[in-house]
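Each chain, written out:
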Amino acid sequence: MFFPEPVLHRKEVKDVPFLVLLLLLAGAIILQTTVLDYVDVLGIKPDLIMLIVVLNGFLLGTREGAFLGYAAGILEDLFAGGFIGLNALSKMAAGYLAGMAGLRLFRENTLVATGVVFLSTFAGNSVYYILLNMVGIKVPPFYAFFRVIIPVAVYTSLLTPLFFRRIFRFVQLRDRDI
């Protein structure tokens, strides 16, 4: 008996190979801990790992965004030390939120992607701040939001046009039926 394909609201995209994502994350972690120390502005540097997680979620969906966010966060926690799981949960939330936005917004527009990166980075860093308070590390809210969360979200979102087109083209090329 023939069953018709379910109607989807957005075109299915093939998964990006895990090895490619792993290499991309490794490169981002290396850049994050070395080169980006020299391009900080007033002590703030962009979060490349968050940028990769958010763009992955935005283009590929909630499941992929949350998974990569969790995996990238665990890797970042292991390299940085401290509380294991805080980055994992915050980046997972940001990746999931970006995936939800990707289901509802025009994914091909760089300006839309920049806005999604800003909002998802803001939300992910806010989750991180809440988790810090839950484990007993008290940071004044004014300092956290106006000296860390908002500036990091702005700086990270300003890098979106540099990366979005390349990642979007890569996803499109993988999706083409040859």
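Up top you'll find the structure we're talking about.
The text that follows walks through the structure, step by step, so that each part is easy to find. (Residues numbered from 1 in each chain as written. Predicted model: local features only at pLDDT ≥ 70, side-chain atom pairs only at ≥ 80, totals over all residues. Heavy atoms only, no water.)

## Quick notes on the overall build of the chain
Working step 1: A tally of helices and strands in the chain yields seven helices and zero strands.
Working step 2: Starting at the N terminus and walking to the C terminus, you meet the elements of the chain as α-α-α-α-α-α-α.
Working step 3: The proportion of buried residues among the 178 residues of the chain is 42%.
Working step 4: The long-range fraction of contacts in the chain, counting pairs at least 24 apart against all pairs at least 6 apart in sequence, stands at 72%.
Working step 5: Approximately 10,500 Å² of the chain is accessible, and the part contributed by carbon and sulfur atoms is 72%. (Helix = DSSP H or I, 4+ residues; strand = E, 2+ residues; numbered from the N terminus. Buried < 20%, exposed > 50% of the residue type's maximum accessible area, 1.4 Å probe, protein only. Contact = heavy atoms within 4.5 Å. Areas by Shrake-Rupley, 256 points an atom, 1.4 Å probe, with all protein chains shown as cover.)

## Let's talk about the layout of surface pockets
Working step 1: Estimated volume of the largest pocket: approximately 620 Å³.
Working step 2: Looking at the lining of the largest pocket, the elements with two or more residues in it are helix H1 (18-33), helix H3 (62-80), helix H4 (86-104), helix H5 (110-134) and helix H6 (141-158).
Working step 3: Of the volumes computed, that of the second largest pocket is approximately 330 Å³.
Working step 4: If you go around the second largest pocket, you meet 19 residues; those closest to its centre are Leu21, Leu24, Ile52, Phe163 and Ile167.
Working step 5: Elements supplying a minimum of two residues to the lining of the second largest pocket: H1, helix H2 (48-60) and helix H7 (160-175).
Working step 6: Counting residues per element, the lining of the second largest pocket draws most heavily on H2, which supplies seven residues.
Working step 7: Looking at the lining of the second largest pocket residue by residue, the classes come out as 16 nonpolar, two polar and one charged. (1 Å grid on protein atoms, 1.4 Å probe; cavity = no way out; pocket = protein on both sides within 12 Å on 5 of 7 lines; lining within 4 Å. Points joined across faces, edges and corners; volume = space filled by probe spheres on them. Nonpolar A, V, L, I, M, F, W, Y, C, P; charged D, E, K, R; others polar.)

## Notes on the nonpolar core
Working step 1: Of all hydrophobic cores here, the largest spans 28 residues; its most connected members are Val54, Phe58, Leu59 and Phe164.
Working step 2: Listing elements by their share of this core, those giving two or more residues are H1, H2, H3, H4, H5 and H7.
Working step 3: Broken down by element, this core gets its largest block of residues, eleven residues, from H2. (Core = buried A, V, L, I, M, F, W, Y, C linked by side-chain atoms within 4.5 Å.)

## Some words on the packing of aromatic side chains
Working step 1: Within the structure shown, the criterion is met by six aromatic pairs.
Working step 2: When the centroid spacing of 6.0 Å and the interplanar angle of 45° are considered together, the rings of Phe122 and Phe145 count as tilted. With Phe122 in helix H5 and Phe145 in helix H6, this residue pair connects regions lying 23 residues apart in the sequence.
Working step 3: Seen from their ring centres, Phe164 and Phe168 are 5.7 Å apart, and the 25° between their planes marks the pair as stacked. With a gap of four residues between them, Phe164 and Phe168 both fall in helix H7, about one helical turn apart.
Working step 4: Through successive ring pairs, a cluster of aromatic residues spans Phe118, Phe122, Tyr129 and Phe145. (Phe/Tyr/Trp six-rings, centres within 6.5 Å; stacked < 30°, edge-to-face > 60°.)

## Re the packing of H2 against H4
Working step 1: Running from amino to carboxyl end, H2 crosses H4 at an angle of 35°, the nearest separation of the two axes being 7 Å. Along this stretch, H2 crosses H4, giving a crossing that reads as right-handed. For the pair formed by H2 and H4, the contact residues are Ile49, Met50, Val53, Val54, Gly57 and Phe58 on the first element and Lys91, Ala94, Gly95, Ala98, Gly99, Ala101 and Gly102 on the second.
Working step 2: Here the contact of H2 with H4 is composed, by residue class, of eight nonpolar, four polar and one charged. (Axes fitted to C-alpha atoms, helices over the stretch in contact; angles between N-to-C directions. Left-handed = near helix turned anticlockwise from the far one by under 90°.)

## A few points about a nonpolar patch on the surface
Working step 1: There is a patch of nonpolar side chains on the surface, built from Phe18, Leu19, Leu22, Leu23 and Phe67 and spanning about 550 Å² of accessible area.
Working step 2: Top contributing element to the nonpolar patch by residue count: H1, with four residues.
Working step 3: The topology assignment puts Leu22 in helix H1. (Patch = residues over 30% accessible without salt bridge, like charges linked within 9 Å, V, L, I, M, F, W, Y side chains within 5 Å. Salt bridge = Lys/Arg side-chain N within 4 Å of Asp/Glu carboxyl O.)

## A few points about the packing of H1 against H2
Working step 1: Contact geometry for H1 and H2: axes closest at 8 Å, N-to-C directions at 150°. As summarised for this structure, H1 and H2 are arranged roughly antiparallel, according to the angle between their axes. On H2, the residues touching Leu21, Leu24, Leu25, Ala28, Ile29, Leu31 and Gln32 of H1 are Leu48, Ile49, Ile52 and Asn56. (Parallel < 35°, antiparallel > 145°, perpendicular 65-115°, else oblique.)

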